[in-house]
Amino acid sequence: MVTAAPGVPTREHSRPVSTTPGRLRRWYSRAWPSALLLLAVLVAWELAVALLGVSEFVVAPPSAFAAETWNSRELLLAAAWITTQEILYGFLISVAVGVGLAVVIARFSWVDRAVYPLVVLFQVVPKVALAPIFILWFGYGVTPKLLLVVVIAFFPITLNMLVGLRSIDPDLLLLMKSVGATRNQILARIQIPTSLPYLFAGMRIAITLAVIGAVVAEFAGASDGLGYLIQFASTQLDTPLMFSALILVSLLGLVLYYGMSLAEFALARRFPHITAESQ
Amino acid sequence: MESGFISARGIGMRFGGTSTAQPVLEALDLTIAPGAFVTLLGPSGCGKSTLLKILGGLLEPTDGEVSIGGRPPSEAVDRRQIGLVPQRPALLPWKTALQNACVLRDVATGKGRSAESLRAAENALALVGLEEAAGKLPHQLSGGMAQRVSIARALAMDPEILLMDEPFGALDAITRDEMNEKLAEIWTQTGKTVVFVTHAISEAVFLSDTVHVMGADPGRLVQTLDISLPRPRTREVFDDPVFTDYTSRLRELLEPKATV
Ligand SMILES: Nc1ncnc2c1ncn2[C@@H]1O[C@H](COP(=O)(O)OP(=O)(O)OP(=O)(O)O)[C@@H](O)[C@H]1O
Ligand SMILES: [Mg+2]
């Protein structure tokens, strides 16, 4: 259960750290084939809907939801902005909660013994099913959305950060002991910087979970946002609008995921071991 | 200077706490004079690292006691008298060579980075011949350079006692000879008490005033050999018949059956 996410660097840092322009160029060259394939799928989709005569209520052709996206752009953008805020604030709270919890668990063994098993146990609860309960308690406002995002997204952050905090080199620990370092000094100077690559691996997972959390919370009860729009469109049998909102949610997830990579690059100036192996 | 005096009496060590466990060290007595260069020589797994940690107050022995300058070793740790050089460099990958050389000193003094600590680290890097690599990150350093940063990190605190656990174990023979000469030079310049762990016989003879030969199962001192070669010692000493006499005696002590 306690496994580091893929892309977590090992302790050896012998490889040169690649520079941002080099990475971007490689990213472009890798993105091309996927972009072409996506385009081909869209064309095939358009043709299939036209040739097979499928009803627009079931599957809208790409041209229909492109038109719909343009016509409803104000509605869609307003909804996307609401959802973005829920995701971002929820994600930031998740990072604070996840990191805080991991640090406290790593620092105080009694917290480890008392709290950690409960945190793991809590993962058995299907958190999506909590959405109606949160709506019941907190109404249709923003609170239940943030709560659901945090409940879904904090765990991979805590878990990864904890693995990082505990992956301390025994020789470094001995060195710190040899100068009489305190637990807090070891935590601040060694454990937390060491755990940064693990933290980012956890944050990558968490950001996608945060999108799911926000949309599900909107399904369960909201008066705005992309999740609400999808549900509203389905009651109106407005399939193109549904697809437009769906694609917007996906794009949002993609942008946020790559935004994380940018944050990682920025921090890698000061802590080069972060990007030594990831991606 | 008298505080560099390390004395160990009746040291016994078992891991796991159970009295049935095979002891790693048993009834071991050791005295180290201030300013001496002393080597612990023994086969792999005989307890050299364990003994080194016990001597530095980093590990509590099951039996016996250690004193440094007549006080418990924990006080030596608090008064930052102990400079540790572990078997692997264990540098912080996000810090430059210079910053790495500051780390132990900064923690030991409990203050932030100061001009004084930077100067101490710079001097220490110069002492190991690495001033031009001060701005490099650990992944840009060769194995020998990283090991020298590790030594500089200990020297920057200006400790009275240097505990070195096979610091050159991972180096090739030529770099190792260079590092040995460098270390002998530093020891002559700084006059520190050095406890050096190795299983390389010629390295032990080249560097030491005294070689303690250890045996395994349980770890104990087999014999103590004083090396009375003149100093300063350079590479030429390897061909000295007195040197080869010491190395063959030590080889016999380490492999008593293989007397050809
Ligand atoms: N923390 C520990 N817990 C249990 N056993 C240990 C521990 N540390 C060392 N040992 C055991 O003590 C014995 C001596 O270990 P030590 O590391 O002191 O050997 P060494 O002489 O330094 O060996 P090497 O030359 O290979 O480094 C070994 O059998 C080892 O398995
Ligand atoms: Mg050892």
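That block above? That's the structure.
Residues numbered from 1 in each chain as written. Chains lettered and ligands numbered in written order. Predicted model: local features only at pLDDT ≥ 70, side-chain atom pairs only at ≥ 80, totals over all residues. Heavy atoms only, no water.

Asker: Pulling in residues and values, what's your account of the overall build of chain A?
Answerer: The number of helices and strands found in chain A is 10 helices and 0 strands. Secondary structure of chain A in N-to-C order comes out as α-α-α-α-α-α-α-α-α-α. Per-residue burial over chain A gives 46% buried out of 279 residues. Put simply, 76% of the contacts in chain A that link residues at least 6 apart link residues at least 24 apart. Roughly 14600 Å² of accessible area belongs to chain A as shown, and the carbon and sulfur atoms make up 72% of that amount. (Helix = DSSP H or I, 4+ residues; strand = E, 2+ residues; numbered from the N terminus. Buried < 20%, exposed > 50% of the residue type's maximum accessible area, 1.4 Å probe, protein only. Contact = heavy atoms within 4.5 Å. Areas by Shrake-Rupley, 256 points an atom, 1.4 Å probe, with all protein chains shown as cover.)

Asker: I'd like a rundown of the overall build of chain B, residues and numbers included.
Answerer: If you tally the helices and strands in chain B, you get 8 helices and 9 strands. Whereas a compact globule of 260 residues would reach a radius of gyration of roughly 18 Å, chain B reaches 18 Å, a difference of no more than 12%. Each principal axis of the C-alpha atoms in chain B carries an extent, and together these give about 55 × 45 × 35 Å. Within chain B, buried positions represent 52% of all 260 residues. Taking the intrachain contacts of chain B between residues at least 6 apart in sequence as the baseline, contacts between residues at least 24 apart amount to 69%. Of note, chain B has its 26 positive side-chain charges centred 5 Å away from the centre of its 32 negative side-chain charges. (Rg over C-alpha atoms; globule rule 2.2 N^0.38 Å. Lys, Arg positive; Asp, Glu negative; His and termini not counted. Charge placed at Lys NZ, Arg CZ, Asp CG, Glu CD.)

Asker: Could you give an account of the interface of chain A and chain B, with specific residues and numbers?
Answerer: On the side of chain B, 21 residues touch chain A, which itself brings 25 residues to the contact. For the pair chain A and chain B, the summed buried area comes to about 2100 Å², and 68% of that belongs to carbon and sulfur atoms. The three residues of chain A that bury the most area against chain B are L175(A), V179(A) and R189(A), which together make up 29% of that side's buried surface. There are 2 salt bridges connecting chain A and chain B. (Buried area = accessible area lost by both parts, 1.4 Å probe. Salt bridge = Lys/Arg side-chain N within 4 Å of Asp/Glu carboxyl O.)

Asker: Lay out the site of ligand 1 with the relevant residues and their values.
Answerer: Residue and element names in this part refer to chain B. Neighbouring residues of ligand 1: F15, V24, S44, G45, C46, G47, K48, S49, T50, Q87, E166 and H199. Here an oxygen atom of ligand 1 sits 2.5 Å away from a polar atom, N or O, in the side chain of T50. For ligand 1, an oxygen atom lies 3.0 Å from a polar atom in the side chain of E166. The protein chains hide 57% of the 630 Å² of surface that ligand 1 would expose on its own. The class makeup of the residues in the shell around ligand 1 is 3 nonpolar, 7 polar and 2 charged. (Near = heavy atom within 4 Å. Polar contact = N/O pair within 3.5 Å; in protein donor to acceptor, adjacent residues only side chain to side chain. Nonpolar A, V, L, I, M, F, W, Y, C, P; charged D, E, K, R; others polar.)

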